[in-house]
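Letter by letter, the chains look like this.
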Amino acid sequence: MIKLLIPKVLFIESNVDRRPMETISSETSVAIYEQSVLSDEIGEPDEAGDSYIKYH
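Bear in mind that the values here come from a model prediction, so they are computed numbers and not experimental data.

Criteria and cut-off values
- Residues numbered from 1 in each chain as written.
- Predicted model: local features only at pLDDT ≥ 70, side-chain atom pairs only at ≥ 80, totals over all residues.
- Heavy atoms only, no water.
- pLDDT = per-residue confidence, 0-100.
- Helix = DSSP H or I, 4+ residues; strand = E, 2+ residues; numbered from the N terminus.
- Salt bridge = Lys/Arg side-chain N within 4 Å of Asp/Glu carboxyl O.
- Buried < 20%, exposed > 50% of the residue type's maximum accessible area, 1.4 Å probe, protein only.
- Phe/Tyr/Trp six-rings, centres within 6.5 Å; stacked < 30°, edge-to-face > 60°.

All right, on to the confidence of the model for the protein chain then. For the protein chain, the average pLDDT comes to 81, and 80% of its residues sit at 70 or higher. For the protein chain, per-element mean pLDDT is lowest for helix α3 (residues 52-55), which scores 60, and highest for helix α2 (residues 19-28), which scores 94.

Listed below in C-alpha cells is the structure:
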C-alpha cells in the first residue's frame, strides 16, 4: 500500500519504538520527519509541546 501512495514524509509518535518506521523509511526512501509527533504525553520542560496549551 505504501508503494501506491508514496507519502512525502513519515511521522513517528514520540512514545513508540522508531525502528519499524526506520525500516520502512530505508526500504522506501521516504524521509522521517525530524520532530516526533506528541501523542498521549507532553514534551519535556522548555521544549516544544511542554504543555497542552502551547502545543495547539
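For the rest of this paragraph, the subject is the pattern of salt bridges. Inspection of the entire model under this criterion finds 2 salt bridges. Of the charged contacts in the structure, one is a salt bridge between Arg19 and Asp17, with a shortest N-O distance of 2.6 Å. With relative accessibility at 57%, the residue Arg19 sits in the exposed group. Arg18 serves as the salt-bridge partner of Glu22, at 3.3 Å between the closest nitrogen and oxygen. By relative accessible area, which is 36% here, Arg18 ends up partly exposed.

Once that is clear, we can look at unusual backbone geometry. One non-glycine residue, Ser29, lies in positive phi territory at about 65 degrees. Inspection of the secondary structure assignment puts Ser29 in the loop between α2 and α3.

Its place among the elements puts Gln35 in the loop between α2 and α3. By relative accessible area, which is 42% here, Gln35 ends up partly exposed. Each C-alpha atom of the pair Gln35 and Ile12 lies 8.1 Å from the other, and the pair is 23 residues apart in sequence.

Turning to the packing of aromatic side chains, a few remarks are in order. Tallying each qualifying case throughout the model produces 1 aromatic pair. Aromatic side chains Phe11 and Tyr33 sit 5.2 Å apart centroid to centroid with 45 degrees between the ring planes, which places their arrangement in the tilted category. Of this pair, Phe11 sits in the loop between α1 (2-5) and α2 while Tyr33 sits in the loop between α2 and α3, placing them 22 residues apart in sequence. On the accessibility criterion, Tyr33 (39% relative accessible area) is partly exposed.

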